[in-house]
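# Breakdown of the fold
If you want the building blocks of each chain, they are given just below.
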Amino acid sequence: MTDALVIEQYYAILDSGRIDDAVALLDEQIQFAIVLPGTVRRGHSRADMLSYLRGRPPVDRRHVLLRTSRAGDVQFAYGSVVENETKTTGYFLAAMHLDADGGIDAYEVSFDTEFSILSKELAHDTRD
């Protein structure tokens, strides 16, 4: 995974179930906002993120990255969330800021259960 973006590494590690390893990519004082339908979860530390991730209900969940990009010290991902390898539960847009050492010091993600910016492409199953 050496050529992968940090955002790609983060989701791959998280989806493998290695929460502690995923959180190790975060700066100790990470600022984050996780925007979910009806709520926003904010935090100010690696411990806050770990608490959030460990508190999620257990489910076979995978983030399918459909687009990724970088602009300097910020990385972006757009994708779908698939449960049990069969059901798409929604779509997410994420951004991460990397500090000088490559650690994630800011993270924002929003998730919607219905809207996809790629809805026309996904309906025709064309992805790059």
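Before any of the text, the structure's been laid out above.
Residues numbered from 1 in each chain as written. Predicted model: local features only at pLDDT ≥ 70, side-chain atom pairs only at ≥ 80, totals over all residues. Heavy atoms only, no water.

## Observations regarding the packing of aromatic side chains
Stated precisely, the cut-off is as follows: Stacked, tilted and edge-to-face are the three classes assigned to paired rings of Phe, Tyr and Trp, where Trp is represented by its six-membered ring and a pair needs centres within 6.5 Å; plane angles under 30 degrees give stacked, over 60 edge-to-face, the rest tilted. Accessible area is worked out with a 1.4 Å probe on protein chains only. A residue is then buried under 20% of its type maximum, exposed over 50%, and partly exposed in between. Under the scheme used here, helices are H or I runs from DSSP no shorter than 4 residues and strands are E runs no shorter than 2 residues, and both carry numbers assigned from the N terminus.
Tallied over the entire structure, the rule returns three aromatic pairs. Arranged with centres 5.3 Å apart and planes meeting at 75°, the rings of Tyr-10 and Tyr-11 form a pair that is edge-to-face. Both residues of the pair, Tyr-10 and Tyr-11, count as buried. With a centroid separation of 5.2 Å and 45° between ring planes, the pair formed by Tyr-11 and Phe-92 is classed as tilted. Of the two residues, Tyr-11 is situated in helix α1 (residues 6-15) and Phe-92 in strand β5 (residues 87-98); the sequence distance between them amounts to 81 residues. Summarising the burial analysis for this pair, Tyr-11 and Phe-92 share the class buried. Grouped by ring-pair contacts, the aromatic residues Tyr-10, Tyr-11, Phe-92 and Tyr-107 constitute a single cluster.

## Overview of the pairing of strand β3 (residues 61-71)
This is how the line gets drawn: When DSSP finds two or more bridges between two strands, those strands count as paired.
Direction of pairing for β3 relative to strand β4 (residues 74-83): antiparallel, over a ladder of ten bridges. Counterpart to Val-64 in the pairing with β4 is Ser-80. In this antiparallel pair of consecutive strands, β3 and β4, the connection spans two residues, and Gly-72 shows a positive phi of 65°.

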